[in-house]
Amino acid sequence: MAVIKRGHSTDVISSSVPLQILFYLNMFYYIFYFLATLLMIIYKSTVFSYPDSNLAVDLALLFIMVFLEVIRLYMGVSGNLTEDKTALAASLILSFGSIILSVYFLVWQTYVLWADEIISIILLVFYSLEDLLKFAAIASFASNAFA
């Protein structure tokens, strides 16, 4: 926590650096996750007997997940940097949708390879750590608003 003195008033910066680092790492990891999952879906559709309807559902959910992830990360980063509780809370709410979709790709998709399990578990660890730090950051922002 840094303190900046301007004139007679004192402003406290309460943005979370660990949360910002996790957002940054998650951006790169999610690009890897998306490409790896897309390539594995293509691989499974060529090697295994993959029903067309299930292929369409898996691809649609993967692209919905990309859309959610972009919005979630944008809201989280901007909420953390500007100390906006509403944006950070929106990111927290959107992360529940991302968690559900990640669990889908971990457990419920048509064919689950061991690589699917590994990359989905790592993504779920990122989400869990981010959500814990988001709660802490929201609490910090709220306590500084009343100070």
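Here is what the cut-offs are and how they apply
Along each chain, residues carry numbers from 1 onward, in the same order as the chain's sequence is written. The model is predicted, so local features are restricted to residues of pLDDT at least 70 and side-chain atom pairs to those at 80 or more, both for listing and for counting; the totals for chains, interfaces and linings are taken over all residues. Water and hydrogen atoms were dropped before computing side-chain values, which therefore reflect all heavy atoms in the structure. Secondary structure elements are taken from DSSP: a helix is a run of H or I of four residues or more, a strand is a run of E of two residues or more, and numbering for both begins at the N terminus. A radius of gyration in this sense is built from C-alpha atoms; the matching globule rule multiplies 2.2 Å by the number of residues raised to 0.38. Only protein chains enter the area calculation, which uses a 1.4 Å probe; residues under 20% of their type maximum are buried, those over 50% are exposed, and those in between are partly exposed. The contact rule is simple, with two residues in contact once any of their heavy atoms fall within 4.5 Å. For the purpose of counting charges, residues Lys and Arg are taken to be positive, whereas Asp and Glu are taken to be negative. His and the chain ends are not included. For this purpose, a charge sits on NZ of Lys, CZ of Arg, CG of Asp or CD of Glu. We count a salt bridge whenever a side-chain nitrogen from Lys or Arg sits within 4 Å of a carboxyl oxygen from Asp or Glu. As used here, the term nonpolar core means buried Ala, Val, Leu, Ile, Met, Phe, Trp, Tyr and Cys residues forming a set that is joined through side-chain atoms within 4.5 Å.

All right, on to the overall build of the protein chain then. A count of helices and strands for the protein chain gives four helices and two strands. Ordered by position from the N terminus, the helices and strands of the protein chain form the series β-β-α-α-α-α. At 19 Å, the protein chain has a C-alpha radius of gyration far larger than the 15 Å of a compact globule built from 147 residues. C-alpha extents for the protein chain along the principal axes are approximately 70 × 20 × 20 Å. The burial tally for the protein chain puts 37% of its 147 residues in the buried class. Across the protein chain, contacts joining residues at least 24 apart in sequence account for 76% of those joining residues at least 6 apart. A distance of 13 Å separates the average location of the 6 positive side-chain charges in the protein chain from that of its 10 negative side-chain charges.

Should their charged atoms come close, side chains of opposite charge can pair. On inspection of all chains with the given rule, the structure shows four salt bridges. Salt-bridge contacts for arginine 72 lead to glutamate 130; the nearest nitrogen and oxygen are separated by 2.6 Å. With arginine 72 in helix H2 (residues 52-82) and glutamate 130 in helix H4 (residues 114-146), this residue pair connects regions lying 58 residues apart in the sequence. Like arginine 72, the residue glutamate 130 is buried in the burial classification. One continuous salt-bridge network, built from bridges that share partners, spans Glu69, Arg72 and Glu130.

One finds Tyr30, Tyr33, Met65, Phe105 and Leu123 to be the most contacted residues of the largest nonpolar core, which totals 20 residues. Those elements giving two or more residues to this core turn out to be helix H1 (17-47), H2, helix H3 (85-108) and H4. With eight residues, the top contributor of residues to this core is H1. Within the second largest apolar cluster, nine residues are counted, among which are Phe23, Leu73, Leu88 and Ala137.

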